[in-house]
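Analysis of the macromolecular model
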Amino acid sequence: MTQASLNVPPGAPIDKDKRNWIVTTCAVGGAGVAAVAVPFVSTFQPSERAKAAGASVEVDISSMKPGEKLTVEWRGKPVWIVRRTPEQLAGLAKLDPQLADPKSERKPGELTPEYARNENRSIKPEYFVAVGICTHLGCSPSDKFTPGAQPSLPDDWAGGFLCACHGSTFDIAGRVYKNKPAPDNLEVPPHMYLSDAKLLIGEDKKA
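Here's a quick rundown of the structure.

Criteria and thresholds
Residues numbered from 1 in each chain as written. Predicted model: local features only at pLDDT ≥ 70, side-chain atom pairs only at ≥ 80, totals over all residues. Heavy atoms only, no water. Helix = DSSP H or I, 4+ residues; strand = E, 2+ residues; numbered from the N terminus. Contact = heavy atoms within 4.5 Å. Areas by Shrake-Rupley, 256 points an atom, 1.4 Å probe, with all protein chains shown as cover. Buried < 20%, exposed > 50% of the residue type's maximum accessible area, 1.4 Å probe, protein only. Pairing = 2+ DSSP bridges. Axes fitted to C-alpha atoms, helices over the stretch in contact; angles between N-to-C directions. Polar contact = N/O pair within 3.5 Å; in protein donor to acceptor, adjacent residues only side chain to side chain. Salt bridge = Lys/Arg side-chain N within 4 Å of Asp/Glu carboxyl O.

Looking now at the overall build of the protein chain. Summing up its helical and strand segments, the protein chain has four helices and nine strands in all. For the protein chain, the N- to C-terminal ordering of α and β elements is α-α-β-β-β-α-α-β-β-β-β-β-β. Contacts in the protein chain between residues at least 24 apart in sequence constitute 54% of all its contacts with a sequence separation of at least 6. Element-wise, carbon and sulfur atoms account for 57% of the exposed surface of the protein chain, whose accessible area totals about 11900 Å².

Here it is as structure tokens:
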């Protein structure tokens, strides 16, 4: 703090009390500006509370290729979007005898919206949308899309998901196999298509 900034003529003694008062006032004023600025900036970003409350998530799926999976976050959970191949879709019906709930009849209100209560468990057969959390103890299964014998999988594995924690397996429609620790199919969250390229997770036409 200089004499000029305190409006004191050159060579005159500086009033230390006045200087301290001005410095304190400037500091408080600056803090006030900062306090006002933070809430203003934060309005441009969704809060963590809004995210936790279930704000919907819009996803661009235009660049997804058959066989690819995209993961986004909704309500603090991983949500998978899988673009299935024609071969994967063709094999779904053959798996029914091996599955615990092939028609998604268990807990439909919690796990499978009405528009996904079909063999594909989806609105559009090509795209599968599911919460990537095992229904046993809440672990996140890993992708096992390649068919055939593999460690921890049967020799006739058709492709799907494996929860390595306790060995639960799910097909490419998130349906759990029989005699596994997981009691239910993977959850299909509320979702809808805004266009061929845009998917909205967290809302559907009933909302």
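Turning next to the environment of Ala 55. Note on placement: Ala 55 falls in the loop between α2 (48-52) and β1 (57-60). Here Ala 55 falls in the partly exposed class, since its relative accessible area comes to 37%. Between the alpha carbons of Ala 55 and Arg 75 there is a distance of 7.3 Å; along the sequence they are 20 residues apart.

With that out of the way, let us pick up the sheet that holds β1. Across the sheet, three strands lie side by side as β1-β9-β8; this open sheet has antiparallel pairing. Among the strands making up the open sheet, the edge pair consists of β1 and β8 (191-193). Strand-to-strand twist across the sheet, computed as the mean angle between neighbouring axes with direction ignored, equals 20 degrees. Note that β1 and strand β9 (residues 198-201) share four bridges and pair antiparallel. Among the inter-strand pairings, Asp 60 is bridged to a residue of β9, identified as Lys 198.

Tracing the backbone shows Asp 101 in the loop between α3 (86-90) and α4 (108-111). Taking relative accessible area as the criterion, Asp 101 reaches 5% and is therefore assigned buried. Taking the C-alpha atoms as reference points, Asp 101 and Asn 185, separated by 84 residues in sequence, lie 7.1 Å from one another. The residues contacting Asp 101, other than those within four sequence positions of it, are Arg 106, Arg 175, Val 176 and Asn 185. Only 2.8 Å separates the side chain of Asp 101 from the backbone nitrogen of Glu 105, close enough to count as a polar contact. In this structure the side chain of Asp 101 is engaged in a polar contact, spanning 3.0 Å, whose partner is the backbone nitrogen of Arg 106.

Turning next to unusual backbone geometry. Look at Ser 104: it is not a glycine, yet its phi comes out positive at around 55 degrees. Here Ser 104 lies in the loop between α3 and α4. Classification of Ser 104 as buried rests on a relative accessible area of 1%. Positioned with a positive phi, Arg 121 is a non-glycine residue whose angle comes to about 55 degrees. Using a relative accessible area of 0% as the deciding quantity, one classes Arg 121 as buried.

This part takes up the pattern of salt bridges. In total, this model carries nine salt bridges according to the counting rule given. The structure contains a network of salt bridges with shared partners spanning Asp 96, Lys 103, Asp 171 and Arg 175.

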